[in-house]
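Chain residues, written in single-letter form:
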Amino acid sequence: MNEEIIATEKFDSQLRRTLVALLDTMIPANDEFNAPSAGTDSIVNDVEQSMSDNTPVMVSEMLNRLNEQSKVRFEDLDAHARWQAFTELQRTDGHALRALGGILLQCYYRNDQVLESLGMEARAPFPLGNEVEQGDWSLLDPVKARGSFYREV
């Protein structure tokens, strides 16, 4: 399937540019760790495809309000002005932004380049599994000693 068709299913090209700029603002690229920004095409496509129900409508409305807040479109703002607009968006449109943020985090941390920047293999965790470093289990002793705090039924 053509990626352009996938990308435009939920957002027109103008709103998609605003979405890319917003995702870049939420998670910028990090050259030190070779981590991509959240506005990378593969991550944006994954975010769009992961939206369900009324999320695309809610996000579209939020992106339109974001563009209406200033005299220029969000993607045309400099980094400082974008951050100020983003901060205002958190205050005024927190519900929609949290919904987008939840989807973004899922998509970002399953991206191959992000996994590799974290020192992980870009593969599914099963069937090989992942090694989990053992911690200090004695840290749970106070919790165990506390006893139950629920009522038996």
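Refer to the structure printed above.
Cut-offs used in this document
- Per chain, the residues get numbers from 1 upward, laid out in the order the sequence is written.
- With the structure being a predicted model, the display of local features is reserved for residues of pLDDT at least 70 and the display and counting of side-chain atom pairs for 80 or more, all residues being used for whole-chain, interface and lining totals.
- Side-chain figures throughout are based on the complete set of non-hydrogen atoms in the structure, without hydrogens or water.
- Per the convention used, a helix needs a DSSP run of H or I reaching at least four residues, while a strand needs a run of E reaching at least two, with both numbered from the N terminus.
- With a 1.4 Å probe rolled over the protein chains alone, any residue whose accessible area is under 20% of its type maximum counts as buried; one over 50% counts as exposed, and the rest are partly exposed.
- The term polar contact refers here to a pair of N or O atoms within 3.5 Å; inside protein, the definition further demands a hydrogen-donor-capable atom paired with an acceptor-capable atom, and it admits residues adjacent in sequence only when both atoms are side-chain atoms.
- Here, residues are in contact when the closest pair of their heavy atoms is within 4.5 Å.
- Every axis corresponds to a line fitted to the C-alpha atoms, with the helix fit spanning only the stretch in contact, and the corresponding angles, defined between N-to-C directions, vary from 0 to 180 degrees.
- Oblique is the label for every angle not falling under 35 degrees (roughly parallel), over 145 degrees (roughly antiparallel), or within 65 to 115 degrees (roughly perpendicular).
- Charged means Asp, Glu, Lys or Arg here, nonpolar means Ala, Val, Leu, Ile, Met, Phe, Trp, Tyr, Cys or Pro, and polar covers whatever is left, Gly included.
- Grouping buried Ala, Val, Leu, Ile, Met, Phe, Trp, Tyr and Cys residues that are joined through side-chain atoms within 4.5 Å yields what is termed a nonpolar core.

Participant: Which parts of the structure should I look at to understand the side chain of Asp93?
Facilitator: Relative to the helices and strands, Asp93 is located in the loop between helix H5 (79-92) and helix H6 (94-108). Residue Asp93 is classed as buried on the basis of its relative accessible area, which comes to 11%. Side chain to side chain, Asp93 and Arg65 meet in a polar contact 2.7 Å long. When neighbours within four sequence positions are excluded, Asp93 is seen to be in contact with Met62 and Arg65.

Participant: Would you explain the packing of helix H2 (residues 13-26) against H5 in this entry?
Facilitator: Angle between the axes and distance between the axes are the two parameters that describe a pair of packed helices. Between H2 and H5, whose axes approach to 10 Å, the crossing angle comes to 90 degrees. Taken together, H2 and H5 sit at an angle that is classed as roughly perpendicular. The residues of H5 that touch H2, namely those facing Ala21, Leu22, Asp24, Thr25 and Met26, are Arg82, Trp83, Phe86 and Leu89. Residues that form the contact of H2 with H5 fall into these classes: six nonpolar, one polar and two charged.

Participant: Looking at this model, I keep getting lost on the nonpolar core. Mind explaining?
Facilitator: Side chains of nonpolar character tend, in soluble globular proteins, to be buried together. Core analysis: the largest hydrophobic core is formed by 32 residues, its most contacted members being Leu22, Val47, Met62 and Leu100. Residue assignment for this core shows that the elements contributing at least two residues are H2, helix H3 (41-50), helix H4 (55-68), H5 and H6. Looking at which element gives the most residues to this core, the answer is H6, with seven residues.

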